[in-house]
Amino acid sequence: MTALAVDVQPRVTPLQGMRHTGTLAWRTLVQIKHNPFELIDFSVQPVMFLLLFTYVFGGAISGSPGEYLAFGLAGITVQNLLFATMNTGVGLNTDLTKGVFDRLRSLPIARYSPLAGRIVADLVKQAWAVALLLIVGVLLGFRFGTGPLEVAGAIGLLVLFGFCASWMSVLVAMLVSAPEKVQIFGFALLFPLTFASNAFAPTQSMPGWLQAWVKVNPVTVLADATRGLLSGGPVAGPVTRSLLWAAGLLVVFAPLSIWAFRRRV
């Protein structure tokens, strides 16, 4: 009896997996060149929110646009960051429904690299959006009340929280059949979460029954931490609670997302 020769695919090493992840992350980023409208989500839309809230609502909430900018820049940055995490799920679901993952699976690459590459690319986009909002805020008159290390810490905290929160979007992307359903989930969850917080208005201006929720809302916690790091004020408590919220999101949703990813691909 003649034995059949079988080619066994060598196991991908961690270093190779990192290289595959970087390549696929770059693939996602360079797609912006062919789809410039994607820049609206990460550039134009955040700036529009900042301008509208500062100059339309700023006087009514804080007395002047300048005073509101000192309060609202952190909250608007947090709100934009959380909405940007939905793009991770939309992009993943689009690749799944269009068969991109099936084609990638036939290549000799790490099985996790398409998922990891998308997340890494979107982290870069989120960091860009955060930096852009801070730059535009400075141009509008915002002044940092802390040093470079605190500002860098604020950016790092925001990107870290965005990474942990994006696993919610990843899980939904693995469970639904169309990208539009990921967007519906995002709006249904994030709109009440961000607007029922102190991201845009002080907690004390709200009804008492609402204040109880606002004070424990993770958006409020992250906005307070960002304000402290950018403008000065309490830092240790809000940053610690933000990190606990981020860790909780990661511990709950990352394993579920990976389980759903393995079942689907």
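Everything numeric here is computed off the predicted structure, so don't read it as measured data.

*Asks:* Got a sec to walk through the overall build of the chain? Specific residues and values, please.
*Replies:* When its secondary structure is counted, the chain shows 10 helices and 0 strands. Seen in sequence order, the chain has helices and strands lined up from the N terminus as α-α-α-α-α-α-α-α-α-α. C-alpha atoms of the chain, sized along the principal axes, occupy 90 × 40 × 35 Å. A buried classification covers 48% of the 265 residues belonging to the chain. When contacts within the chain are restricted to residue pairs at least 6 apart in sequence, those whose partners lie at least 24 apart make up 78%. The positive charge centre, built from 18 side chains, and the negative charge centre, built from 10, are 7 Å apart in the chain.

*Asks:* Could you give an account of the pattern of salt bridges, naming the residues involved and the relevant values?
*Replies:* In this structure the tally under the stated criterion is 4 salt bridges. With a shortest N-O distance of 3.4 Å, Arg118 and Asp95 are connected by a salt bridge. Here the residue Arg118 occupies a position in helix α5 (residues 113-140), and Asp95 occupies one in helix α3 (residues 65-97), the gap between them amounting to 23 residues. The exposure class of Arg118 is buried, given its relative accessible area of 7%.

*Asks:* Can you lay out the confidence of the model for the chain for me, pointing to particular residues and giving the numbers?
*Replies:* Taken residue by residue, the chain gives an average pLDDT of 88. The fraction at 70 or more is 96%. Taking the mean pLDDT of every element in the chain, the minimum, 79, falls on helix α4 (residues 100-105) and the maximum, 96, on helix α9 (residues 218-231). Predicted confidence is poor over residues 1-9, with pLDDT under 50, and the contacts of this stretch with residues over four places away or in other chains come to 1 contact.

*Asks:* Outline helix α7 (residues 179-195), listing residues and values.
*Replies:* Given a rise of 1.5 Å per residue, 17 residues ought to cover 24 Å, and the 24 Å separating the end C-alpha atoms of α7 matches this to within 8%. Of all the positions in α7, only Pro179, Val182, Gly186, Leu190, Leu193 and Thr194 are classed as buried. Where α7 is buried, its residues contact α3, α6 (148-175), α8 (208-216) and α9.

*Asks:* So, the environment of Thr226: which residues are in play, and what are the values?
*Replies:* Structurally, Thr226 can be placed in helix α9. It is 9.3 Å that separates the C-alpha atoms of Thr226 and Leu73, two residues lying 153 residues apart in sequence. What Thr226 contacts, discounting residues up to four positions off in sequence, is Ala74, Val78 and Leu158. A polar side-chain atom of Thr226 sits 2.8 Å from the main-chain carbonyl oxygen of Leu222.

Calculation rules
Counting of residues starts from 1 at the beginning of each chain's written sequence and follows it residue by residue. With the structure being a predicted model, the display of local features is reserved for residues of pLDDT at least 70 and the display and counting of side-chain atom pairs for 80 or more, all residues being used for whole-chain, interface and lining totals. Side-chain metrics in this entry use all non-hydrogen atoms of the structure; hydrogen atoms and water are not considered. Secondary structure follows DSSP: runs of H or I at least 4 residues long count as helices, runs of E at least 2 residues long count as strands, and numbering of each begins at the N terminus. Burial classification: accessible surface area is computed with a 1.4 Å probe over protein chains only, and a residue below 20% of its type maximum counts as buried, one above 50% as exposed, and the rest as partly exposed. The contact definition used throughout considers only heavy atoms, calling two residues in contact when any of these lie within 4.5 Å. Counted as positive: Lys and Arg. Counted as negative: Asp and Glu. His and the chain ends are not counted at all. A charged residue contributes its charge at one atom only: NZ of Lys, CZ of Arg, CG of Asp or CD of Glu. By definition, a salt bridge exists where a carboxyl oxygen of Asp or Glu is found within 4 Å of a side-chain nitrogen of Lys or Arg. In predicted models, pLDDT denotes the confidence assigned by the predictor to each residue on a 0 to 100 scale. An expected span of 1.5 Å times one less than the residue number is assigned to each helix. In protein, a polar contact requires one atom able to donate a hydrogen and another able to accept it; more generally it is a pair of N or O atoms within 3.5 Å, and residues adjacent in sequence count only if both atoms are side-chain atoms.

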